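Analysis of the macromolecular model
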Amino acid sequence: MNVSQAVLKRRTIRGFKADPVPNDTIVEVIDIARHAPSNSNTQPWHIAVVSGAPRDKLEKAIFKEINSGKKPYPTFPSGGVGLTGVYKQRQYDCAFSYYATMGIAREDVPARQALLLKNWEFFGAPHVAFLSMPETMHRANAIDIGIFLQTVMLLFVERGVSCCPQGALGSYPGPVREIADIPRDNAILCGLSFGYAQEDALINEVKMQREPLDVVASFTT
Ligand SMILES: Cc1cc2nc3c(=O)[nH]c(=O)nc-3n(C[C@H](O)[C@H](O)[C@H](O)COP(=O)(O)O)c2cc1C
């Protein structure tokens, strides 16, 4: 598989088999991804992988907070807030094509809420990772984390492993910090659930479209 093929094959997967990914594969991917570029070579990324019993314990601990009525308390503002215009429209289109695939009507708020909660079940993935950077860093440094994240995802694609990047996984950092090994001065930007795709899962049928080239690029010659 070449890079172009990996970019075109990658898509967000939200239904996983229980089979774990071999530890050697996870380590190899992260070992290669650390060669990603960063501003002034600061390499501000940290990825904390949680698997097995700690993964299950973390899911339970997060749900304890959710079920106690605790509202999300991300350190960095969620990427979904404050959107306007075309960006708000794309966010709606994304959500409603997801609901439509799942057979959920727009007005069915309980079903939408149940689907949202699957984020903190890590969509059934056997592994979850948390990407963090120093809390004092400027938001421009988040570019580096994004590059690192995509590098990890493409390397996983190459190895037949599927991922779901999740901003939602920055919402309840308390239990994550207790169970995952996150550097003390870092704050969580997002999470990444990963494992082998359950190919026939309905939730994996959703396919997001992209804007045409002339909307996203200009070429001045
Ligand atoms: C930074 C980031 C945060 C995301 N957060 C979530 C999330 O919290 N929950 C979720 O189900 N999908 C999340 N996604 C997945 C996006 O919805 C998905 O990438 C987008 O709709 C395009 O679909 P594709 O990845 O299948 O091409 C996130 C993606 C990125 C890059």
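Just so you know, these numbers come straight off a predicted model, no measurement behind them. (Residues numbered from 1 in each chain as written. Predicted model: local features only at pLDDT ≥ 70, side-chain atom pairs only at ≥ 80, totals over all residues. Heavy atoms only, no water.)

Examining the pattern of salt bridges
For the structure shown, the criterion picks out nine salt bridges. Glutamate 121 serves as the salt-bridge partner of lysine 118, at 3.9 Å between the closest nitrogen and oxygen. (Salt bridge = Lys/Arg side-chain N within 4 Å of Asp/Glu carboxyl O.)

Considerations on the site of the ligand
Within the structure, the ligand sits among 13 residues, and Thr12, Arg14, Asn119, Gly167 and Arg210 are positioned closest to it. Arginine 14 has a polar side-chain atom sitting 2.7 Å from an oxygen atom of the ligand. Burial of the ligand by the surrounding chains reaches 68%, relative to a free accessible area of 620 Å². (Near = heavy atom within 4 Å. Polar contact = N/O pair within 3.5 Å; in protein donor to acceptor, adjacent residues only side chain to side chain. Areas by Shrake-Rupley, 256 points an atom, 1.4 Å probe, with all protein chains shown as cover.)

Observations regarding the environment of alanine 100
Here alanine 100 lies in helix H4 (residues 85-101). Relative accessible area serves as the criterion here: at 54%, alanine 100 is assigned to the exposed category. With 106 residues separating them along the chain, alanine 100 and valine 206 place their C-alpha atoms 8.6 Å apart. (Helix = DSSP H or I, 4+ residues; strand = E, 2+ residues; numbered from the N terminus. Buried < 20%, exposed > 50% of the residue type's maximum accessible area, 1.4 Å probe, protein only.)

Re unusual backbone geometry
Across residues other than glycine, the phi torsion is negative in most instances, and most of the peptide bonds are trans. In the Ramachandran plot, asparagine 41 falls in the positive-phi region, its phi being about 55° despite a non-glycine side chain. With respect to the helices and strands, asparagine 41 occurs in the loop between helix H2 (23-33) and strand E1 (46-51). Note on asparagine 41: relative accessible area 52%, which makes it exposed. Despite not being glycine, glutamine 43 shows a phi value in the positive range, around 45°. With relative accessibility at 37%, the residue glutamine 43 sits in the partly exposed group.

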